[in-house]
Amino acid sequence: MTLKIAKQQAASRYAQIDMLKGFGIICVVVAHVIVLDQDFDSLTVRLIYMFHMPLFFFLSGYLSSLRINYWQFFIEKSAQFLIPYFIYLLTIFFIVRFTGTSNQGMSRLVLGGGYLTGYLGVFWFVPCLFLTQQFCNLILTKFNTSGIVLIGIICLLISYVNDWYFDEMIFPYGVNVVLAAVPVYCFGNLYRKFGTEWNQMLIVIIAVAGICLTVYGFPNYYNMKVAFYGIPFVTFLSGLAIIAALLFFVFKFPSSALLSAFGKASLVIMYLHQGLQIALRDHGYADPNLRIAVALLLPILFYLAANQWSISRALLLGSLSDQKSFLGKIYKPVSIKRDKEQVGM
């Protein structure tokens, strides 16, 4: 009976996390639609950019299962993230090339990260997340809490050097952004372990103070793809405080099947939303509300369809359990907790 209750509590907890991912991916879509309309200075965009991409790195760290078999971890995450990544990347690339809507060369696909723009602009995220997971798994299994915090601070400081002095440089696969993602990922992992001991009221106060700075015009927001990290330390702390506050409050709310559905499909939405909303705009459908609706609903329908077959779950959704039947003994999937890190995100 105790085991059954524990499983029910874990399932409920994961459902709430899916809700938060769902909220996060909706924020991503809304912000990208507004930015495409040349309104990056919009207060809505600046508020969303305080936390929307750090949220997914944080949740990946929060959900992470540490592995001391580093090669096995690398193989599993490669299959889980990079197989769908390249399928979506190449499919969209050839569609837009065939239709003449983009002239991005194959070299940009090879380099990834900030070299990808337009329809493929959002594809910087997954390789960056993958690299962050690999590095953080090593850190979290090799060092104690003090060592993890120290490495996180060092990575954060180097990311600021990148922001201040090398902001015009584009790095393959967004490897420079990993420096900014590592402390966020590690914070997520530490929050799962120690978050209940932290002063939640102080976290909320920091979050509100950060929001006030943004409202009053300070550049207190992230743009991780281009290595812009806002006000040193202030943006980092206020962004994490917003995420921690959201995580705290989401467990107080009743479950939402709709938000959870968006959360489960968040990676598919990440891959497809930008191309959809750009295509709509380019074909005369400029209404932002329409583009937001289509960019959210079509990917979730695609996710539901892909979820019906083992092969599509393996190739398009990164399901480790389904990949096992295709990849045999190359790797042994991690214990199947509904493939929770499927969207590490």
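The text that follows walks through the structure, step by step, so that each part is easy to find. (Residues numbered from 1 in each chain as written. Predicted model: local features only at pLDDT ≥ 70, side-chain atom pairs only at ≥ 80, totals over all residues. Heavy atoms only, no water.)

**Observations regarding the overall build of the protein chain**
For step 1, the next point in the chain: The secondary structure content of the protein chain amounts to 15 helices and 0 strands.
For step 2, the next point in the chain: Going through the 345 residues of the protein chain one by one, you find that 51% of them count as buried.
For step 3, the next point in the chain: Excluding contacts between residues fewer than 6 apart, the proportion of contacts in the protein chain whose partners are at least 24 apart in sequence is 76%. (Helix = DSSP H or I, 4+ residues; strand = E, 2+ residues; numbered from the N terminus. Buried < 20%, exposed > 50% of the residue type's maximum accessible area, 1.4 Å probe, protein only. Contact = heavy atoms within 4.5 Å.)

**Concerning helix α13 (residues 288–306)**
For step 1, the next point in the chain: The end-to-end C-alpha separation of α13 is 27 Å, in line with the 27 Å expected for 19 residues at 1.5 Å each.
For step 2, the next point in the chain: Turning to α13, its buried residues number three or more, namely R291, I292, V294, A295, L296, P299, I300, Y303 and A306. (Expected span 1.5 Å × (residues − 1).)

**Quick look at the packing of aromatic side chains**
For step 1, the next point in the chain: Overall, the coordinates contain 24 aromatic pairs when judged by the stated rule.
For step 2, the next point in the chain: A centroid spacing of 4.5 Å and a plane angle of 20° characterise the contact between Y88 and Y271, whose relative ring orientation is stacked. Residue Y88 is found in helix α4 (residues 70–99), and its partner Y271 is found in helix α12 (residues 266–282); the two are separated by 183 residues along the sequence. A single burial state applies to Y88 and to Y271, both of which are buried.
For step 3, the next point in the chain: With a centroid separation of 6.4 Å and an interplanar angle of 20°, the aromatic rings of F187 and Y191 are classed as stacked. (Phe/Tyr/Trp six-rings, centres within 6.5 Å; stacked < 30°, edge-to-face > 60°.)

**Focus: the nonpolar core**
Note that soluble globular proteins tend to have their nonpolar side chains buried in a common cluster.
For step 1, the next point in the chain: F57, F58, F123, F125, M224 and L247 are the most contacted members of the largest nonpolar core, which totals 93 residues.
For step 2, the next point in the chain: A per-element tally of this core places helix α1 (residues 2–36) first, with 11 residues.
For step 3, the next point in the chain: In this structure M224 touches M53, P54, F57, W124, V177, A180, A181 and Y229, once residues within four positions along its chain are discounted. (Core = buried A, V, L, I, M, F, W, Y, C linked by side-chain atoms within 4.5 Å.)

**A few points about the packing of α4 against helix α6 (residues 125–142)**
Each packed pair of helices is defined by two parameters, the angle between the axes and the distance between the axes.
For step 1, the next point in the chain: Where α4 meets α6, the axes come as close as 10 Å, and the angle between the chain directions of the two elements is 165°. By the criterion of interaxial angle, the relationship of α4 to α6 is roughly antiparallel. Here the hand of the crossing between α4 and α6 comes out right-handed. On α6, the residues touching Y70, F73, F74, K77, S78, F81, L82 and Y85 of α4 are V126, P127, L129, F130, Q133, Q134, N137, L138, T141 and K142. (Axes fitted to C-alpha atoms, helices over the stretch in contact; angles between N-to-C directions. Parallel < 35°, antiparallel > 145°, perpendicular 65-115°, else oblique. Left-handed = near helix turned anticlockwise from the far one by under 90°.)

**Here we look at a nonpolar patch on the surface**
For step 1, the next point in the chain: Taken together, V149, I153, L157, M201, L202, I205, I206, F233 and L237 make up a surface patch of nonpolar side chains, about 810 Å² in accessible area.
For step 2, the next point in the chain: For the nonpolar patch, the secondary structure elements donating two or more residues are α7 (145–165) and α9 (200–215).
For step 3, the next point in the chain: With 4 residues, α9 is the largest single contributor of residues to the nonpolar patch.
For step 4, the next point in the chain: Note that L202 resides in helix α9.
For step 5, the next point in the chain: Exposure remark for L202: the relative accessible area of 48% places this residue in the partly exposed category. (Patch = residues over 30% accessible without salt bridge, like charges linked within 9 Å, V, L, I, M, F, W, Y side chains within 5 Å. Areas by Shrake-Rupley, 256 points an atom, 1.4 Å probe, with all protein chains shown as cover. Salt bridge = Lys/Arg side-chain N within 4 Å of Asp/Glu carboxyl O.)

**What to know about the packing of α7 against helix α8 (residues 175–194)**
For step 1, the next point in the chain: Across the interface, α7 lies against α8 with an axial gap of 8 Å and an inter-helix angle of 150°. Relative to α8, α7 is oriented roughly antiparallel. Helix-helix and strand crossings are classified by hand; for α7 and α8 the assignment is left-handed. Every residue of α8 that contacts α7 at T145, I148, V149, G152, C155, L156, I158, S159 and N162 is listed here: N176, L179, A180, V182, P183, C186, L190 and F194.
For step 2, the next point in the chain: The residue makeup of the contact of α7 with α8, split by class, is 12 nonpolar, 5 polar and no charged. (Nonpolar A, V, L, I, M, F, W, Y, C, P; charged D, E, K, R; others polar.)

**Section: α6**
For step 1, the next point in the chain: In this model, α6 (18 residues) spans 26 Å end to end at C-alpha, consistent with the 26 Å of a helix rising 1.5 Å per residue.
For step 2, the next point in the chain: In terms of burial, α6 is a largely internal element, 13 of the 18 residues being buried.

**Overview of unusual backbone geometry**
For step 1, the next point in the chain: If you check the backbone angles, Y173 has positive phi at about 55° while not being a glycine.
For step 2, the next point in the chain: The backbone of F233 sits at a positive phi, close to 70°, despite the residue not being glycine.
For step 3, the next point in the chain: Within the secondary structure, F233 sits in the loop between α9 and α10 (234–250).

**Some thoughts on the environment of M106**
For step 1, the next point in the chain: The topology assignment puts M106 in helix α5 (residues 106–111).
For step 2, the next point in the chain: When the C-alpha atoms of M106 and L90 are compared, they prove to be 9.6 Å apart, with 16 residues separating the residues in sequence.
For step 3, the next point in the chain: The residues contacting M106, other than those within four sequence positions of it, are F93 and F94.

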